[in-house]
Amino acid sequence: MMLGMVLQYWCFSLYPSENSEVPNARFQAAGAIGDAAIREWGMLTNENRKSLILFCLHYVMEHASAADAYVQLKVSAVAAQLVKRGWFDFIEAEKIGILIEVKKAILGLHGSDVQSAGISFLESLVSEFSPGTSTAMGLPKDYHEQCHSSMELNYLKEFYCWAKSAALNVADKIVSCYANISEEKVCSRALRFMFQVLNWNFKSSPSALDNSSSKSNSGGHMLWLLNFYAIVRQKHSSDMLWFDSPLAVSARQLIVQLCSLTGTIFPSGILLYGHQGMQYRTVSVFRGWLGMHCSTFRPVTGGPRTGMPSDRYVLPVPGDDGEMQIKHLTQILSAVIEWVEPPNIISGALRSGRSESEMIDGFHALLSMATLTSTMLFDNLLRSLRPFGTIHLLATLTCEVVKTYVIKNDDEQTWSSEALDIMLEIWTVILGRSGNDMKISAEGISSASNLFNTIVESHLKAAAESAFEDDSEADYFHVSVSRRDETLYAYALIARAAVETTVPFLTRLFSERFALLSQVWTNNERMDPTQTLEELYWLLLITGHVLTDSGEGETVLVPEAIQDGFSGVTEELQHPVIVLSWSIISFAKQSLDPKMRNAYFSPRLMEAVIWFLARWVDTYLMPIDAAKGQLGISGHDEGLQQHPQSSKKVLLSFSGQHSQGEIILDTIIRISMTTLTSYPGENELQALTCWKLLVVLVRRRHVCIHLVALESWRDLARAFANERTLFSLNARLQRSLAETLVCAASSFKDLETSNQYVRDLMGPMTAYLVDISSRNDLKAVAQQADAIYMVSCLLERLRGASRATQPRTQKSIFEMGCAVMNSLLTLLELYKNQSTVVYLILKFVVDFVEGEVAFLSAKETSILVNFCLQLLRIYSSHNIGKISLSLSTSLQSEAQTEKYKDLRALLQLLTNICSKDLVDFSSFSNEAESTDIAEVIYVGLHIVTPLISLELLKYPKLSCDYFALISHLLEVYPEKVAQLNKEAFDHIVRTLDFGVCHQDVDIVDKCLRAVNALASYHYKEKIAGKEGLGAKAMSSEESNSEFQQSILSYFLRLLIQLLLYQDFRMELAGSAADALLPLVLCEQDLYQRLVQEILEKQSNPAIKTRLASAFNALTSTNQLSSSLDRNNRFRFRKNLQVFLIEVSGFMRII
């Protein structure tokens, strides 16, 4: 339907939009009108543009009562898009002429249906002017930002007032029950639009806005809304479905949003927050609109339960120090509390079928208030309405939600789960702060303590009841589930708020259950311990969260609340945290007894034990402060210390280096060894041991110093090196175990001891692998399953050791790698059809090169790269042409996946070798004989590029690695790429052609950089009188029979086609300019011909003239020269930006 003139296209499209009896045809026609008008906007006069917008608006108004509402919504969206596209083309009077039609509709001059349609258009318009929801129009980001600012400063307030007037006009009828469905629809849409405006991302400074009468009447709007909802709610209290009606939902949304208002309308003396990343709207932007035209509704009288006075919504008088905002929040809270209180009655109603939406909205309102205020201020908000604080109410509500949540009834789970998430988020906000912002009253501490007790008792009861259930869903908190961690973290914050009562409470619960098991074991009583063990499992998890933080990516410290608590405790044996820790460690130690282990310590329980120990060790075992001597255990100055410091000192020293730390460390190593050897096949338990607990033990050097001196650690190392027991572990776990054991080598005092430790640890592995590869009957036994498994395990262990390479152990790791080089080449030949083994060999070499290459001397580098080249040649000889079209689809897909993994490893290998030129820490860098890394990469490219097909480049990770390597090589070693043979060079060109048209922006950027490097190299070489790309630049497989074009001319055509006719993304304009400039300089005659061809295709004289002017400005303005220096590139970037903006109105650019 693309016609030469937009008016012809317009007329063609209007007929179905007005006359078709098929709604979908009208919908498609509306979209076609919008697309055509935006694409051809530059051809339209302002009169044409206004007529098209008014046509869309009139169509919406005339069909406001039609059943196919989605068509009207589409036409409204199109009108909004066109208004925005012409926002700066229209003068103010023209904008008013368009919007006055909307105002008349919204004020109800043409009936309630038209009123709804008018509000719907405003929703579309505001959404279009918001950058996050705007339509792509091929315009720069600045245009959208300017539209956003203009709307905010000049029109948003007016639109808000129109919607508020529409709501007020029908509110009396709704309250009096005289309103019809259409009028209720008007009110709900108006409230929804008001919510949309309040949710606008305001950016204007308060000083730029009118401040008149803002403080005197801003509360009237809120007062009217609260009264209106309360009256209508009371009238429909018996209707369970009303709470989900559009009117109820829209009103509550607006009330909740009003909780989020902050800004200079509220004086800033009190701690009121608008946290970064959370969109709390600035009231100062509204300056006076919130209170306009307040309703004459009388205040709602107090209910029979509260007995609140009838003037509870009296507009507060502005005061200093944020009093106005406090009263604003208190006013809303007085209404919202009716939605959530009393909690037991509310939850009973929900179980009877009432909707939970009002309660959930009430929780959201509390969350907004908590986020805007300090903890103490949040607690005080309710005290003017109730004899207790907000935290007490919050604790009561959370108790009821938790009790319902743990019942695990499917009918109740949906709302209770959502409600618990919101409740815990509120607790996280008010308790997750630090310093004075987190101060909490004695009543709040007591409420938190009672709440935590309820939480623990409810979950223990649920855990005991689920002990005999086989369904996996009965597992309340699976160790590896992230949701569990989020929930327990919030529980832990609640516990830490009242740490002096909650930690002894946990100690009592754990000790009682541990004592019960000990009694049963000692007296040989016949009692099923399953329920007790399930309770212990849950107690381990919650205790781990209370006592420790996760520490992901950070240095783990004892939580501040734990350090500052128990100020009166100065004896180690009396400190509740120490007592609880020893109780759990003693319980874990029982697993070393084979009989106790078989009787009580199931794999699942041991998972919780290992998980707890990993977090506890990272936090309390030989802590950093104690290791630095800041909190030594010498008691000479204890008398001078304050009680809090003494308590903290006791806590941080009880498991220090010179105390009982080594005893605990030895116990934990022996427990780890037990889980690895006594629980065969329990992959999850062993994974926690290898990936969590053992990793923590070697993370800190001062702990490692004690670790390697322990006989238990030496036993673990000997078992790994010389025994078959640990070969039963999953291969990946063996890699992790090897990495952990080698990492410990850094703690030895001298270099030779560290290297000898690694030799003793990994020497048996290398000897075993060499022995396997040199067997006379290797071909006969190699394909057996146990042989493949053993080889895989050895490779994983070698890989783990390589990943642990450090400067202190680099020498022994390199010796290890050299010892197996020939064996690896033999195995690569032998297992060429075993994709798993091939991949492991490649990954070992990748990790080995990555760890070693920066430290090697010239001789060592030569050994390494020669080995890598042999490896590449062997792999290439067995894999070229491996994927055949004759294979079935499933087999071909599987083969491609295997090849994808291998090739990605090879690309990483080449990239790691490249890094030798960038980072070199070797002490022999001045040796005469050095390896030419560029030459190695050149040979490697010859080997690898034929293996990479365009199909394989559809794998995102492989594609990213490949183009990153190619762009790097072309930028750093263009002369080496130019020396590739024709087949390899053409293959790189084809892949760049593929990448330039890719959907991934990063890949397109890398390819444009590569094309830039290629063209720049050729241009600079030609200027210097050299050959450049030579014959390789003269032909391309993409050429047709009529025109034998060069590589560079092909990319020039491709890039211009991409810029003008395809979906080009403006964020790539800089990279495109950098690539286009050298292409134009290399192919100036072709560029002129291409421009002439493009102009001749334009039949419209106006477009032709504008396009010719744009092309001329692209290469002649801004003092552009024929240089490729930085300044000239920067000038060309500016020219291309202007060019793209200019032609975006009539060419295909988004």
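Numbers given to residues run from 1 along each chain, matching the order in which its sequence is written. pLDDT decides what is reported in this predicted model: residues at 70 or higher carry local features, side-chain atom pairs at 80 or more are listed and counted, and totals for whole chains, interfaces and linings draw on all residues regardless. Calculation of side-chain values draws on the structure's entire complement of heavy atoms; hydrogens and water are dropped beforehand.

Caption draft 1: The arrangement of the overall build of the protein in detail. Each helix corresponds to a stretch of at least 4 residues labelled H or I by DSSP, and each strand to a stretch of at least 2 residues labelled E; elements are numbered beginning at the N terminus. Across its full length, the protein holds 49 helices and zero strands. In the protein, which comprises 1150 residues, the share counted as buried stands at 56%. Contact definition: two residues touch when any of their heavy atoms are within 4.5 Å. Sequence separation of 24 or more characterises 76% of the internal contacts of the protein that already satisfy a separation of 6 or more. Note on areas: these come from Shrake-Rupley sampling with a 1.4 Å probe, and a residue is covered only by the protein chains present in the view. Accessible surface computed for the protein: about 48,700 Å², of which carbon and sulfur atoms make up 51%. Think of it in three bands: residues with accessible area under 20% of the maximum for their type are buried, residues over 50% are exposed, and the middle band is partly exposed, with areas taken using a 1.4 Å probe on protein chains only.

Caption draft 2: Structural context of the pattern of salt bridges. Here, a salt bridge means any side-chain nitrogen of Lys or Arg that lies within 4 Å of a carboxyl oxygen of Asp or Glu. Summed over the entire model, instances satisfying the criterion amount to 35 salt bridges. The closest approach of N and O atoms between Glu512 and Arg508, which form a salt bridge, is 3.3 Å. Here Glu512 pairs with Arg508, and both are found in helix H20 (residues 499-523), just four residues apart, close to one helical turn. By relative accessible area, Glu512 is classed as partly exposed at 40%. The exposure class of Arg508 is partly exposed, given its relative accessible area of 41%. Between Lys982 and Asp986 there is a salt bridge, and its shortest N-O distance comes to 2.7 Å. Taken together, the positions of Lys982 and Asp986, both in helix H43 (residues 982-996) and four residues apart, correspond to about one turn of that helix. Among the charged side chains, a network of salt bridges with common partners joins Arg508, Glu512, Arg513 and Glu535.

Caption draft 3: Just the side chain of Glu1083, in detail. Within the fold, Glu1083 resides in the loop between helix H46 (1069-1082) and helix H47 (1084-1096). Charge assignment: positive for Lys and Arg, negative for Asp and Glu; neither His nor the chain ends contribute. Among buried charged residues, Glu1083 stands out as having no salt bridge; its nearest opposite-charge side chain is Arg1089, 6.4 Å away. Setting aside residues no more than four positions away along its own chain, Glu1083 makes contact with Ser1046, Leu1048, Ser1049 and Leu1052.

Caption draft 4: Main features of the side chain of His545. If you trace the backbone, His545 turns up in helix H21 (residues 530-547). When its relative accessible area of 4% is taken as the criterion, His545 is described as buried. Not counting residues up to four positions away in its chain, the partners in contact with His545 are Arg484, Asp485, Leu488, Tyr489, Ala492, Arg496, Trp611 and Arg615.

Caption draft 5: Highlighting the packing of aromatic side chains. A pair of aromatic rings is counted whenever rings of Phe, Tyr or Trp (Trp by its six-membered ring) have centres within 6.5 Å, and the orientation is called stacked for planes under 30 degrees apart, edge-to-face for over 60 and tilted otherwise. A full pass over the atoms with the stated rule returns 24 aromatic pairs. Taking 5.7 Å as the distance between ring centres and 25° as the angle between the ring planes, the aromatic pair formed by Trp616 and Tyr620 counts as stacked. Pair noted here: Trp616 and Tyr620 are both in helix H25 (residues 603-620), with a separation of four residues, about one helical turn. One exposure class covers both Trp616 and Tyr620, and it is buried. Linked through ring pairs, Trp87, Phe129, Tyr155, Phe159 and Trp162 together constitute an aromatic cluster. Over the face of the ring belonging to Trp87 we find Lys95, whose NZ or CZ atom lies 4.2 Å from the ring centre. Two conditions define a charge sitting above a ring: the NZ of Lys or the CZ of Arg must be within 6 Å of the ring centre, and it must be within 35 degrees of the ring normal. Over the aromatic face of Trp611 sits the side chain of Arg484, whose NZ or CZ is 4.7 Å from the ring centroid.

Caption draft 6: Just H20, in detail. In this model H20 runs 35 Å from its N-terminal to its C-terminal C-alpha over 25 residues, within 8% of the 36 Å that 1.5 Å per residue would give. Of the positions making up H20, those classed as buried are Val499, Thr502, Val503, Phe505, Leu506, Thr507, Leu509, Phe510, Arg513, Phe514, Leu517 and Val520. Check the buried side of H20 and you find it contacts helix H18 (442-465), helix H19 (482-497), H21, helix H22 (560-564), helix H23 (576-589) and helix H24 (594-600). Once H20 ends, the next one or two residues include Asn524, with phi positive near 55°. Take the number of residues in a helix, subtract one, and multiply by 1.5 Å to get its expected span.

Caption draft 7: Expanded view of the packing of H20 against H23. Contact geometry for H20 and H23: axes closest at 9 Å, N-to-C directions at 25°. By the criterion of interaxial angle, the relationship of H20 to H23 is roughly parallel. In terms of crossing hand, the pair formed by H20 and H23 is left-handed. In this structure, H20 uses Val503, Pro504, Leu506, Thr507, Phe510, Ser511, Phe514 and Leu517 to contact H23, whose residues at the interface are Pro576, Val577, Val579, Leu580, Ser583, Ile584, Ser586 and Phe587. Between N-to-C directions, angles span 0 to 180 degrees; the directions come from axes that are lines fitted to C-alpha atoms, helices contributing only their stretch in contact. Here the word oblique covers every angle except those under 35 degrees (roughly parallel), over 145 (roughly antiparallel) and from 65 to 115 (roughly perpendicular). Two helices crossing with the near one rotated counterclockwise from the far one by less than a right angle form a left-handed crossing, whereas a clockwise rotation gives a right-handed crossing.

Caption draft 8: Spatial organisation of the nonpolar core. Throughout, nonpolar core names a set of buried Ala, Val, Leu, Ile, Met, Phe, Trp, Tyr and Cys residues whose side chains join them through atoms within 4.5 Å. Within the largest apolar cluster, 378 residues are counted, with the highest numbers of intra-cluster contacts made by Phe159, Leu191, Phe228, Phe363, Phe587, Trp713 and Met762. Not counting residues up to four positions away in its chain, the partners in contact with Phe363 are Val340, Leu397, Val401, Ala419, Ile422, Met423 and Ile426.

Caption draft 9: Local environment of unusual backbone geometry. That bond from Glu341 to Pro342 is cis: its omega, -10°, falls within 30 degrees of zero. The residue Pro342 is located in the loop between helix H12 (323-340) and helix H13 (343-351) in this model. Unusually for a residue other than glycine, Asn1118 sits at a positive phi of about 65°. Relative to the helices and strands, Asn1118 resides in the loop between helix H48 (1101-1116) and helix H49 (1126-1143). Among the residues examined, Asn1118 registers a relative accessible area of 36% and is labelled partly exposed. For Gln1119, which is not glycine, the phi torsion reads 55° and is therefore positive. By the secondary structure assignment, Gln1119 is in the loop between H48 and H49. A relative accessible area of 71% places Gln1119 in the exposed class.

Caption draft 10: A look at the confidence of the model for the protein. Summing up the model confidence of the protein, the mean pLDDT is 82 and the portion of residues at 70 or higher is 83%. Scored from 0 to 100, pLDDT records how confident the predictor is in each individual residue. pLDDT under 50 marks residues 1036-1044. Its contacts with residues more than four places away, or in other chains, come to 13 contacts.

Caption draft 11: View of the state of the cysteines. Here, the term disulfide refers to a pair of cysteine sulfur atoms separated by no more than 2.5 Å. If you walk through the whole model with that rule in mind, you get zero disulfides. No disulfide involves Cys743; its sulfur sits 7.9 Å from the nearest other cysteine sulfur, which is in Cys704.

Caption draft 12: Layout of the environment of Ser773. For Ser773, the location among the structural elements is in helix H33 (residues 751-773). Look at Ser773 and you get buried, because its relative accessible area is 12%. For the pair Ser773 and Val791, spaced 18 residues apart in sequence, the C-alpha separation works out to 9.6 Å. Those residues in contact with Ser773 that lie beyond four places of it in its chain are Leu778, Ser823, Thr826 and Leu827. Here the side chain of Ser773 touches Ser823 through a polar contact of 2.8 Å, side chain to side chain. Identification of polar contacts relies on pairs of N or O atoms within 3.5 Å, with a donor-acceptor requirement for protein atoms, meaning one able to donate a hydrogen and the other able to accept it, and with residues adjacent in sequence counted only if both atoms are side-chain atoms.

Caption draft 13: The arrangement of the packing of helix H32 (residues 731-743) against helix H35 (residues 785-803) in detail. Where H32 meets H35, the closest approach of the two axes is 7 Å, and the angle between their N-to-C directions is 35°. In terms of crossing hand, the pair formed by H32 and H35 is right-handed. Along its contact with H32, which presents Ala731, Arg732, Gln734, Arg735, Ala738, Glu739 and Val742, the element H35 presents Tyr789, Cys793, Glu796, Arg797, Arg799, Gly800, Ala801 and Arg803. Residue polarity is assigned by list, with Asp, Glu, Lys and Arg as charged and Ala, Val, Leu, Ile, Met, Phe, Trp, Tyr, Cys and Pro as nonpolar; anything else, Gly included, falls into the polar class. The residue inventory of the contact of H32 with H35, partitioned by class, reads six nonpolar, two polar and seven charged.

Caption draft 14: Just H21, in detail. Under the 1.5 Å per step criterion, the end-to-end length of H21 is 26 Å for 18 residues, consistent within 8% with the ideal 26 Å. Within H21, 16 of the 18 residues are buried, leaving the element largely enclosed by the surrounding structure.

Caption draft 15: Fine view of the environment of Glu684. Here Glu684 lies in helix H29 (residues 683-697). Along the backbone, Glu684 and Glu607 are 77 residues apart, and their C-alpha atoms lie at a distance of 7.6 Å.

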